[in-house]
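# Breakdown of the fold
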Amino acid sequence: MGTLRILRVYDEPAAGEYRVLVDRLWPRGIGKDKVDLWLKEIAPSTEVRKAFGHRPENFAAFVQRYTAELEHNPAVAQLRHLAATQARLVLLYGARDPRENQAAVLLDFLDGSH
């Protein structure tokens, strides 16, 4: 497995990184050329995303609910395959908070080998 990291979609990735957008909604102002793959199926459900609302007090519950969704999400296998075949994979997200977002939870999930 190569390197795997997260990056805000509005920031510049390093050269040679395979860019996977893991948001359910396409971010404003971002052209299709900034993303190699839009894997919206891996994003949290609308219900879980809206319950979080990017409020810090809701983050712990969001982590639990999103992780539970990931346990049964077939898109996880596709992402793991990409991580195994790409030398440098970056998970792109649109949220402003670099630590409390779905890409961070997803990265922890993948690193934990669930």
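Just above sits the structure.
Remember, predicted model here, so these are calculated numbers, not experimental data.

Within the secondary structure layout, Glu41 lies in the loop between β3 (37-38) and α1 (46-52). Look at Glu41 and you get partly exposed, because its relative accessible area is 44%. The spatial distance from the C-alpha of Glu41 to the C-alpha of Arg96 is 21 Å, given a sequence separation of 55 residues. Discounting chain neighbours no more than four positions away, the residues touching Glu41 are Arg24, Asn73 and Ala75.

Okay, the environment of Arg88 next. Take Arg88: it is sitting in strand β4 (residues 88-93). You can call Arg88 partly exposed: its relative accessible area is 33%. Residues Arg88 and Thr3, spaced 85 residues apart in sequence, show a C-alpha to C-alpha distance of 4.8 Å. When sequence neighbours within four positions are dropped, the list of residues in contact with Arg88 reads Thr3, Ala14, Ala15, Gly16, Glu17 and Tyr18.

As a further point, take the side chain of Arg19. Here Arg19 lies in strand β2 (residues 18-21). In this structure the side chain of Arg19 is engaged in a polar contact, spanning 3.3 Å, whose partner is the backbone oxygen of Asp33. Here Arg19 is in contact with Pro13, Asp33, Lys34, Val35, Asp36, Leu37, Val90 and Leu92, once residues within four sequence places are set aside.

The pairing of β2 with β4 spans four bridges and is parallel. The residue bridging Val20 from the neighbouring strand is Leu91, located in β4.

This part is about the nonpolar core. Grouped together as the largest cluster of nonpolar side chains are 28 residues, with contacts concentrated most on Ile42, Leu79, Leu91 and Leu106. Of all the secondary-structure elements, those providing two or more residues to this core are β1 (3-8), α1, α2 (59-71), α3 (75-85), β4 and α4 (102-111). Excluding residues that lie within four positions of it along the chain, Ile42 makes contacts with Val22, Tyr66, Leu70, Asn73, Ala75, Val76, Leu79 and Leu106.

On to the sheet that holds β2. Read across the open sheet, the four strands follow the order β1-β4-β2-β3; overall the sheet is parallel. Edge strands, defined here as strands with exactly one partner in the open sheet, are β1 and β3. Where β2 meets β3, two bridges bridge the pair, whose relative direction is parallel. Across the sheet, residue Leu21 finds its bridge partner in β3, namely Trp38. Packed on one face of the sheet, α3 meets β2, β3 and β4 and runs near 140° to β4.

Rules used in this analysis
Residues numbered from 1 in each chain as written. Predicted model: local features only at pLDDT ≥ 70, side-chain atom pairs only at ≥ 80, totals over all residues. Heavy atoms only, no water. Helix = DSSP H or I, 4+ residues; strand = E, 2+ residues; numbered from the N terminus. Buried < 20%, exposed > 50% of the residue type's maximum accessible area, 1.4 Å probe, protein only. Contact = heavy atoms within 4.5 Å. Polar contact = N/O pair within 3.5 Å; in protein donor to acceptor, adjacent residues only side chain to side chain. Pairing = 2+ DSSP bridges. Core = buried A, V, L, I, M, F, W, Y, C linked by side-chain atoms within 4.5 Å. Axes fitted to C-alpha atoms, helices over the stretch in contact; angles between N-to-C directions.

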